[in-house]
Amino acid sequence: MKRFIIILLSDPIFIFKFIYYNFLTLYYKVKGKRTIVYNLHHDYFFDIFESVYKELCKSRKIIIYFSYNKKDPQLHEYLSKHIAEKFILPNTITPFINFDLFICPEVTGPDFPISFLKTKTIEIYHGSGTYNLYEKIDVLNRFDIHFAIGNQFNEFIEFAYRDKKKKPKIYNVGYPKLDVLLSDDPLSKELSELYGLGKIPVILYAPHWNEHSSIHRFGESLIEELAEMDIKILIKPHNYLFVKYEEDNWYERLKKLEKEHKNIVFVSRSNTQELYPLADIMITDTGTTAALEFSILKKPLFIYCVEKWFENNNHVDVERELCRTSFCYHNLDELKKEIENILNKSSSMKEKLTIQRRNQEKLIENFLYHPGNATGEAVKAILKESGI
């Protein structure tokens, strides 16, 4: 009630919006339709839900709204490119609307429906590991339903609700946004032309934002060393690099590198997985989701392995296995030498790559449900929970 009054005082027409949208959802319910709100605070969270959204839109019985942080006009602008304006609502109003389902990938405190509404809440998660979830239990154990990406999530959810009388429903869905990697994606050709990719090998450098990542350790040196080779480099950092280290001016620094080297492309689009089919090799860091995602394609994977990262985190089975599977490097000479061996197709490297591919298959088998079919599993679960 306190939150309702605060918003009412700050927005004079709030009460009219409140009445209108609640009557609208009631009207849809009478007509046999169900309403869903997808809540997001970052543009790349749209990519997580996009394939599911497109499938749900095929049903005339489902109406989908998107809720964004009103303090982020850029996010609203981004959503407007994908969603009709009438289905985009600020997070100041959506918690007070009686939707049938609230879906969210956020783990740091989403805009939950107020308690007296009957809206079911679904956490769909982002990321492949769970090391960062245990400190968010107070938020995550408020959800009614969880979509597990892999077995590691079932273990976390069981732990999170260990003291709760009411247990959540769990659907072993997988990671819908990765389904496109195992399909014929027409976007790859379009992006290949956009980034000027040709016949030379392509390396995707996807650094993490955390303090132990390669971009903090080596700075521009790593990229400049690679730029000397006859390759194309796509640079796609984690979005938080620009947010958490704003004072380091990484956006400007990477744009400068792009201008100085013809074979460097700094990618500012939100969606990382659309780059995977374009790349022949990935270089990333300990703690990234990208490493497991890229392993679906069984292409060469390099990780800057930092033991200190493991000392500072628990529940790191996924990240440990990724480091064991990847080509780990600790300095630039080591990295450059191994990449040259791949490009030159050395006999010793061929054997290493064969072993890595086998281990990547095991990774996917152990830590990812329904690769290639996760979207369908998510849609089935959402329709079931909607009562359709």
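Source: prediction; values computed, not measured.

A. Focus on the overall build of the chain. If you tally the helices and strands in the chain, you get 17 helices and 13 strands. A compact globule built from 388 residues would reach a C-alpha radius of gyration of about 21 Å, and the chain, at 22 Å, matches this within 12%. Structurally, the chain occupies a C-alpha span of about 65 × 45 × 40 Å along its principal axes. Taking all 388 residues of the chain together, the buried fraction comes to 55%. Contacts in the chain between residues at least 24 apart in sequence constitute 67% of all its contacts with a sequence separation of at least 6.

B. Highlighting the sheet that holds strand β7 (residues 169-172). Taken together, 7 strands build an open sheet; the order of strands is β3-β2-β1-β4-β5-β6-β7 and the sheet is parallel. Two strands close off the open sheet at either side, each with one partner strand: β3 (88-90) and β7. Taking the axes of each pair of neighbouring strands and ignoring which way they run, one obtains an average angle of 25° across the sheet. Pairing of strand β6 (residues 145-148) with β7 involves 4 bridges; the strand directions are parallel. Note on β7: the bridge partner recorded for A148 is N172.

C. Layout of the sheet that holds strand β9 (residues 232-235). The sheet built from 6 strands is open, its strands ordered β10-β9-β8-β11-β12-β13 with parallel pairing. Each edge of the open sheet carries a strand with a single partner, namely β10 (264-266) and β13 (327-329). Strand after strand, the sheet turns through a mean of 20° between neighbouring axes, direction not considered. Pairing between strand β8 (residues 202-206) and strand β11 (residues 281-285): 4 bridges, direction parallel.

D. Region of the structure containing the nonpolar core. Among the nonpolar cores identified, the biggest contains 137 residues, and F49, Y65, F66, F147 and L234 are the most heavily contacted of them. The leading source of residues in this core is helix α3 (residues 44-56), at 8 residues.

E. Geometry of unusual backbone geometry. A positive phi angle, near 60°, is found at H315, a position not held by glycine. Within the secondary structure, H315 sits in the loop between α13 (307-311) and α14 (317-325). Owing to a relative accessible area of 41%, H315 belongs among the partly exposed residues under this scheme. In this model, K345 sits at a positive phi of 55°, which is unusual for a non-glycine residue. As for its position among the elements, K345 is in the loop between α15 (332-343) and α16 (347-367). Using a relative accessible area of 61% as the deciding quantity, one classes K345 as exposed.

F. Spatial organisation of α14. Taken together, the buried positions of α14 are occupied by V318, E319, L322, C323 and T325. In an axial view of α14, the angular spread of the buried residues amounts to 165°, which keeps them on one side of the axis. In α14, the exposed positions angled more than 90 degrees off the buried face are occupied by D317 and R324. Elements that come into contact with the buried residues of α14 comprise α6 (151-160), α12 (290-295), β12 (301-304), α13, β13 and α16.

G. Representation of the state of the cysteines in the model. One pass over the full model with this rule turns up 1 disulfide. Paired by a disulfide, C305 and C328 hold their sulfur atoms 2.4 Å apart. Handedness here is read from the sign of the S-S torsion; for C305 and C328, about -45°, the answer is left-handed. Taken together, the positions of C305 in the loop between β12 and α13 and C328 in strand β13 put the pair 23 residues apart, joining distant regions of the chain. The exposure class of C305 is buried, given its relative accessible area of 13%. Of all cysteine sulfurs, the one in C104 lies closest to C57, which takes part in no disulfide; the gap is 18 Å.

H. How the structure looks around the pattern of salt bridges. Here the structure, examined in full by the defined rule, presents 19 salt bridges. With a closest N to O distance of 3.5 Å, E50 and K54 form a salt bridge. In this pair, E50 and K54 are both assigned in helix α3, 4 residues apart and thus about one turn of the helix distant. Among the ionic pairs, E361 bridges to K298, the shortest N-O distance being 3.2 Å. With a gap of 63 residues between them, E361 in helix α16 and K298 in the loop between α12 and β12 connect regions that are remote in the sequence. By relative accessible area, K298 is classed as partly exposed at 33%.

What counts and how
- Throughout, a residue's number is its position along its own chain's written sequence, starting from 1.
- In keeping with the model being predicted, local features are shown solely for residues with a pLDDT of at least 70 and side-chain atom pairs are shown and tallied solely at 80 or more, while totals for entire chains, interfaces and linings include all residues.
- To obtain the side-chain values, all non-hydrogen atoms of the structure were included, while hydrogens and water were left out.
- Labels follow the DSSP assignment, with helices taken as runs of H or I lasting at least four residues and strands as runs of E lasting at least two, numbered in each case from the N terminus.
- Here the globule rule reads 2.2 Å times residues to the power 0.38, and the radius of gyration is calculated from C-alpha atoms.
- Here the term buried applies to any residue with accessible area under 20% of the maximum for its type, exposed to any over 50%, and partly exposed to those in between, with areas from a 1.4 Å probe on protein chains only.
- The contact rule is simple, with two residues in contact once any of their heavy atoms fall within 4.5 Å.
- At least two DSSP bridges between two strands are needed for those strands to be called paired.
- Orientation is described by axes fitted as lines to C-alpha atoms, over the contacting stretch for helices, and by angles from 0 to 180 degrees between their N-to-C directions.
- Among buried residues, those of type Ala, Val, Leu, Ile, Met, Phe, Trp, Tyr and Cys that are joined through side-chain atoms within 4.5 Å constitute a nonpolar core.
- The directions considered for the arc run from the helix axis to the C-beta atoms.
- The criterion for a disulfide is a pair of cysteine sulfur atoms lying within 2.5 Å.
- Any Lys or Arg side-chain nitrogen located within 4 Å of an Asp or Glu carboxyl oxygen qualifies as a salt bridge.

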